[in-house]
Amino acid sequence: MLAEFPFDAWLTLLGRLHPALVHFPIALGVVAAIVECWRIVRRNPELSSFALTALWFAAVASSVTATSGWFSAEFEGMELTLTLFLHRWLGIGSAALFLLLAMSGTVIRRQTQSPRIGVWRMGLLAAAAVVSLTGHFGGTLVYGDSYISDALWSALYKTEKSQREAATSAAKQQLGIEESAAVVAPTGAVAPSVAATTRAVGSIDFATQVVPILKSHCYECHGNGKKKGGVRLDDLSRMTTERAGEWVVKAGDPLASLMVTNIELPADDESAMPPKGDRLSATEIAVIRQWISEGAHGGDVVSPGAVSESRWLIPERSITPDELQRVQVEARALAQRGIVARQIAAGSANLEVDASLATPPIRDDEIRALHSLAEFLVILNLAHGAISDLAGAAIVQLQQLRVLRLDHTAAGDQVAVLVATMPHLASINFVATPLTDRGLASLRELKSLKKLYIWSSATTAQGVRDFRSSRPDVDVIEGRE
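Residues numbered from 1 in each chain as written. Predicted model: local features only at pLDDT ≥ 70, side-chain atom pairs only at ≥ 80, totals over all residues. Heavy atoms only, no water.

## Concerning unusual backbone geometry
Then, in step 1: Residue Pro274 is bonded to the preceding Met273 through a cis peptide linkage, with omega at -5 degrees.
Then, in step 2: When you line up the elements, Pro274 lands in the loop between helix H12 (258–263) and helix H13 (282–293).
Then, in step 3: The omega torsion of the bond from Thr359 to Pro360 falls at 0 degrees, within 30 degrees of zero and hence cis.
Then, in step 4: Although it is not a glycine, His384 adopts a positive phi angle of roughly 65 degrees.
Then, in step 5: Mapping His384 onto the fold places it in the loop between strand S3 (377–381) and helix H16 (392–395).
Then, in step 6: Even without being a glycine, His408 presents a positive backbone phi close to 60 degrees.
Then, in step 7: Within the secondary structure, His408 sits in the loop between strand S4 (403–405) and helix H17 (413–419).
Then, in step 8: His408 gets classed as partly exposed once you look at its relative accessible area, which sits at 32%. (Helix = DSSP H or I, 4+ residues; strand = E, 2+ residues; numbered from the N terminus. Buried < 20%, exposed > 50% of the residue type's maximum accessible area, 1.4 Å probe, protein only.)

## A word on the environment of Val31
Then, in step 1: Position of Val31 relative to the elements: it lies in helix H3 (residues 23–41).
Then, in step 2: C-alpha separation for the pair Val31 and Leu55, spaced 24 residues apart in sequence, amounts to 9.4 Å.

## Describing the confidence of the model for the protein chain
Then, in step 1: Model confidence for the protein chain is summarised by a mean pLDDT of 79, while 79% of its residues fall at 70 or above.
Then, in step 2: Scored below 50 in pLDDT, residues 179–201 makes 30 contacts in the model with residues more than four places away or belonging to other chains.
Then, in step 3: Note on residues 300–312: pLDDT is under 50 here. Beyond four places in sequence and across chains, it has 34 contacts. (pLDDT = per-residue confidence, 0-100. Contact = heavy atoms within 4.5 Å.)

## Digging into the pairing of S3
Then, in step 1: Most of S3 is tucked away: five of the five residues are buried.
Then, in step 2: Judged from the four bridges that link them, strand S2 (residues 351–354) and S3 form a sheet pairing that is parallel. Counterpart to Glu352 in the pairing with S3 is Ile379.
Then, in step 3: Two strands pair when backbone bridges link them, and S3 and S4 are joined in this way by three bridges, in the parallel orientation. Across the sheet, the residue bridging to Ile379 is Val403, located in S4. (Pairing = 2+ DSSP bridges.)

## What to know about the sheet that holds strand S7 (residues 475–477)
Through backbone hydrogen bonds, the strands of a sheet pair up, either in parallel or in antiparallel fashion.
Then, in step 1: Strand order across the open sheet formed by seven strands is S1-S2-S3-S4-S5-S6-S7, with mixed pairing between neighbours. Each edge of the open sheet is held by one strand with a lone partner, namely strand S1 (340–343) and S7. Direction aside, the axes of adjacent strands within the sheet are offset by 10 degrees on average.
Then, in step 2: Pairing analysis gives three bridges linking strand S6 (residues 451–453) to S7, with the strands arranged parallel. Considered in S7, the bridge of Lys451 is made with Asp475. (Axes fitted to C-alpha atoms, helices over the stretch in contact; angles between N-to-C directions.)

## A look at helix H5 (residues 82–109)
Then, in step 1: Across its 28 residues, H5 extends 39 Å between first and last C-alpha, which sits within 8% of the 40 Å expected from 1.5 Å per residue.
Then, in step 2: Among the residues of H5, Leu84, His87, Arg88, Gly91, Ser94, Ala95, Phe98, Leu101, Ala102, Gly105 and Ile108 are the ones counted as buried. (Expected span 1.5 Å × (residues − 1).)

## Observations concerning the environment of Val64
Then, in step 1: Inspection of the secondary structure puts Val64 in helix H4 (residues 49–75).
Then, in step 2: Each C-alpha atom of the pair Val64 and Leu21 lies 8.1 Å from the other, and the pair is 43 residues apart in sequence.

## Quick word on the pattern of salt bridges
Then, in step 1: Here the structure, examined in full by the defined rule, presents 11 salt bridges.
Then, in step 2: Between Arg363 and Glu366 there is a salt bridge whose closest N-O contact spans 3.8 Å.
Then, in step 3: Of the residues examined, Arg363 reaches a relative accessible area of 38% and is grouped as partly exposed.
Then, in step 4: You can call Glu366 buried: its relative accessible area is 15%.
Then, in step 5: Asp413 serves as the salt-bridge partner of Arg438, at 3.9 Å between the closest nitrogen and oxygen. Here the residue Arg438 occupies a position in helix H18 (residues 437–442), and Asp413 occupies one in helix H17, the gap between them amounting to 25 residues.
Then, in step 6: With relative accessibility at 12%, the residue Asp413 sits in the buried group. (Salt bridge = Lys/Arg side-chain N within 4 Å of Asp/Glu carboxyl O.)

The following block contains the structure:
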């Protein structure tokens with residue numbers, strides 16, 4: 001009896017050739033369109049033999065590429081998202097267009113002064129646009145949304161900033177003004193205090209006092225998923241993390257926070273924020289300044305922009321009187337240590353625990369104290385704790401967790417390997433941790449994962465690309481320029 005031929009193995013190989021094949025038809029189609037555009041400018045009525053040859057190659061290459069892409073998605077287990085759907089069918093449409101244009105162009109070229117040449121050229125431009133759009137959606141699958149636009153906004157912003165600083169420096173030299181390295185706080189500024197450096201809870205409540213200001217003045221460009229200039233103000237983790245040597249919000253230091261700098265600029269300054277609409281009042285600016293001086297605490301574990309993305313993942317049920325009494329007893333005990341445990345909503349059996357303010361910082365062995373709340377605990381913030389890879393064994397016992405923050409801790413690969421076995425974990429923050437590509441690769445197995453923060457970790461760009469290729473359903477926020 002003959003062994004069955006391993007078709008699946010060979011089709012998997014064909015699928016994995018997709019990244020190597022995909023750029024060839026895009027380049028051929030776009031170059032053919034450029035050549036014909038140049039002939040239009042030169043008023044040449046004949047079709048280019050080069051463009052036709054390129055189109056025949058593009059038709060064959062795009063057909064093979066579309067086929068390999070189909071098998072890549074099928075055998076790599078990719079979820080059929082809207083982006084994948086558009087990438088797949090636009091690719092198939094591009095292959096059909098190239099083939100149609102190659103055949104019709106061959107016929108038309110034999111006819112001198114054919115009136116169809118103009119229509120054919122318009123079809124070629126349309127095909128070049130379609131194949132470019134196909135490539136855009138493919139890039140989105142691999143690198144995530146706004147991969148190019150974020151870099152563009154960052155480049156424009158830094159170029160403009162560099163030019164402005166050069167012009168300011170030149171003007172000061174002409175006026176004979178000496179530049180000083182010292183920064184003098186403007187009148188009414190709230191200076192960073194010792195309390196801020198210890199991250200003590202301040203008098204400004206983020207959710208009720210700061211968020212309404214941001215929604216009113218900032219979210220049109222920097223909220224609700226928008227990130228003009230690479231800045232999002234509806235995600236507290238991103239907002240308070242250093243990026244390329246700059247801080248949108250630097251906890252404890254309003255003078256080093258771009259948010260404060262820009263909202264205090266004169267209205268006619270091109271960098272003033274917001275660029276249109278009502279400016280922030282003196283009272284609103286004072287609230288922002290004081291909030292940052294007190295440590296820029298979020299109050300809630302989940303930032304405003306993440307609430308809508310994470311809360312729906314948490315099953316809701318009411319807490320019984322006996323359970324509430326037990327939770328209150330445990331919460332009082334944790335509060336003595338500076339750890340805050342609270343319900344995510346009135347009457348809810350789901351709890352969030354914030355240990356990021358504990359003084360001294362929470363240690364690995366203290367996480368076991370949370371096991372008594374394991375059946376209720378869905379959101380856990382261990383940021384800035386004295387946490388290492390030894391914490392993984394304790395964290396993995398909290399089986400109901402949906403959101404976990406480990407940012408600015410020493411938790412890395414060993415924790416990642418363990419939490420990858422958890423059944424419900426949907427959002428993890430590894431910002432400024434020793435997480436490497438090894439730990440990142442282990443998180444591929446975490447099927448419930450939807451959002452992953454890895455700014456300033458030890459992961460590499462290649463490791464992130466590999467992760468995104470295998471888990472396109474996960475929103476990876478890496479913060480690379």
